[in-house]
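# Geometric and topological summary
Given next are the chains, with one letter for each unit.
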Amino acid sequence: MSYIDLKSPPKREDRLKACIAHSSTICGMAGTGGKKSCLQDDGERSFNQGSICLLLPALAMLNSLPDNVVLLHSAIGCGSCSHSQNANVRFGGNQRWGVVKDGLWLSTAMNESDVISGGEQKLEQAIIEADSRYKPFSITVVAGCVPGIIGDDIDGVVQQVQPQVNARLLPVHCEGFKTKIWATAYDAVYHGIGRTLLREGELPAAENGLLPFKGLERLPKTVNLMNVSSMGRVDEQELERLLKGLGLDVNVFPVFAHPESMVKATQAALSISTCPTHDDYFLNYLEERFGVPSIIRHMPIGIANTSLWLRDVAAHFGLEEAAERIIALEEGELNQALAEFRPLFAGKKVFISAGEFRALATAGLLEELGLTVAGIRSFHHDEFAEGEYRKLADSTREDYVIDIANVQPFEEANLLKRLKPDLFLGHANGNGTAARLGIPTHVIYHTGLAYIGYKGVYELARRLWRQLKNPVYNRKLAENLRLPYREEWYASDPFAYLDTRGGISE
Ligand code: SF4
């Protein structure tokens, strides 16, 4: 039985044995894969600071879908991140179609009475109202914690209401209490898409020998380029440029894709992951049900990784020679262009914080620029990153710390005080600790800035050069602001609160 046959996807703690609490070094992770040290039971830290739940990345994807209403079934605060995500929805729509449009999200705003009497009726009315008021192609019915706790059956409600509305209804399970690995969000969204938008045209494999969606032909030169919201249009264009250079057609999926067009993913000759942390759940489904093979290995961040990524795609189509021509040209030009930045980067130390694969690929990129990696904090760890740890361990001159943590700024502050990096790369909302310690910071992902492919290397180098050239802003911040920790904490072991029950540290 496929995962897609289940009502909701399994959490990543179970499916991938992913973990969020561990300390090691780059060589330690490369040697053991971190696996035996990660805690598979509920142990993690005896002290935790706030984190996010899986709703945030799920809504980042869903809010981007055109002609779709996101209907959140939970307490009203659960969808509050949609306000900050709206800038990306407007900007992304404008870049793609020249239309500035807000995301449409509604909430059933469950209250105390709903918790006691159940919220199914309220959800039913909200679906009917959303359908008649906005007439969307689809409505994604997203469940937060409350319906999960009180036992509202959102799939049952959707099934019952579907005949009464025109919109296609997609249940998406994002009950925050079920998982600590927020990357489970990607599986939850893909699960909803797979179970509803792609299911009706699916024929039994034995009968059709793995065909695309009913009535559709295979497209022998089309590749699915997977983008799960952490890649802006400018990065999509860079990868499209490289793939088109090989003579391939590109279907970008699923962010900003019209729900009606999603069946095209079943017709492609190949799916290419741009981030293994995001994509494996759906790529397995496309392969299993529609015979679309996939590549999920390298992230096209950095010179070497972009070339490896392109070589993998080319090898699938027998286009190795064309790929080598493109790579030689791109790498030659890029290395020349980077020469002016390298003297400033030489010997500068950098700390990186992000989702695991992006953090590791970025470490490779920064080493290519001549910076020295002082440490990495990955938001979780799973098996997909093992090759990447090995690559970095092979190339590093000195071992450095790896912190597996779903943010935990107190650990980060302690580490940064010790390591004293010259530069910090992290998420826009996660750079505050480093900034207040006087360290120049740069966003590790911003959908308006180039980051991916060869172009991304150059653009990132240019931005970092400017930042390192003049670090006064952060110096001033540190002079005027302080973090909330006592001096005793900075003298303590940064991993003092790691609870290693169920595992060992090497
Ligand atoms: S953890 Fe639960 S209650 Fe909190 S935002 Fe997420 S879904 Fe809502």
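Starting from 1, residues in each chain are numbered consecutively following that chain's sequence as written. Given that this is a predicted model, residues contribute local features only at a pLDDT of at least 70 and side-chain atom pairs are listed and counted only at 80 or more, while totals for whole chains, interfaces and linings are drawn from all residues. Side-chain measures were taken over the full set of non-hydrogen atoms in the model, leaving aside hydrogen atoms and water.

## Quick notes on the overall build of the protein chain
- Starting at the N terminus, helices and strands are each numbered in turn, a helix being any DSSP run of H or I of at least four residues and a strand any DSSP run of E of at least two. What the protein chain contains, in helices and strands, is 22 helices and 14 strands.
- Between the two quantities, the radius of gyration covers C-alpha atoms and the globule rule is 2.2 Å times the number of residues to the power 0.38. Relative to the compact-globule value of 23 Å for 506 residues, the protein chain shows a C-alpha radius of gyration of 23 Å, a close match.
- Dimensions of the protein chain, computed from the C-alpha atoms along their principal axes, are close to 65 × 60 × 45 Å.
- Note on classification: 1.4 Å probe, protein chains only; a residue is buried when its accessible area is under 20% of the maximum for its type, exposed when over 50%, partly exposed between these limits. Within the span of the protein chain, comprising 506 residues, buried residues form 57% of the whole.
- Any two residues whose heavy atoms approach within 4.5 Å at even a single point are treated as in contact. Intrachain contacts of the protein chain at a sequence separation of at least 6 include 77% that bridge at least 24 residues.
- For every accessible area listed, the method is Shrake-Rupley and the probe measures 1.4 Å; residues are considered covered only by the protein chains on display. For the protein chain, the computed accessible surface area is about 20700 Å², with 52% contributed by carbon and sulfur atoms.
- Considering the protein chain, the positive charge centre built from 52 side chains and the negative charge centre built from 62 side chains are found 5 Å apart. Only four residue types enter the tally: Lys and Arg on the positive side, Asp and Glu on the negative side, with His and both chain ends excluded. Every charge is mapped onto a representative atom, which is NZ of Lys, CZ of Arg, CG of Asp or CD of Glu.

## Comments concerning the site of the ligand
- Whether a residue is near a molecule or strand is decided by its heavy atoms; if any one of them lies within 4 Å of it, the residue is near. Around the ligand, the structure places Cys53, Leu55, Cys78, Gly144, Cys145, Cys174 and Gly176.
- Polarity classes work like this: nonpolar for Ala, Val, Leu, Ile, Met, Phe, Trp, Tyr, Cys and Pro, charged for Asp, Glu, Lys and Arg, and polar for all others, with Gly in that last group. Grouping the constituent residues of the shell around the ligand by class yields five nonpolar, two polar and no charged.

## Overview of the confidence of the model for the protein chain
- Each residue gets a pLDDT score, which is the predictor's confidence in that residue and runs from 0 to 100. Per-chain confidence: the protein chain averages 91 in pLDDT, with 93% of residues scoring 70 or above.
- Long-range and interchain partners of residues 33–42, a stretch whose pLDDT sits below 50, account for 35 contacts in this model, where long-range means more than four residues apart.
- Taken together, the stretch residues 502–506 has pLDDT below 50 and engages in 16 contacts with residues farther than four places along the chain or on a different chain.

## Quick word on empty space enclosed by the protein
- A cavity here means a set of 1 Å grid points, computed over protein atoms only, where a 1.4 Å probe fits but cannot escape. A pocket is an open set with protein on both sides within 12 Å along at least 5 of 7 lines, and lining residues have an atom within 4 Å of a point. Grid points are joined across faces, edges and corners, and a volume is the space filled by probe spheres set on the points. Within this structure, the stated rule accounts for five cavities of 30 Å³ or more.
- Quantified by volume, the largest cavity comes out at close to 60 Å³.
- As for the largest cavity, its lining consists of Lys7, Ser8, Pro9, Asp155, Pro171, Val172, His173, Ala188, His191, Gly192, Arg195 and Thr196.
- Those elements that place two or more of their residues in the lining of the largest cavity are strand 5 (168–173) and helix 9 (184–197).
- Of all the elements, helix 9 adds the most residues to the lining of the largest cavity, at five residues.

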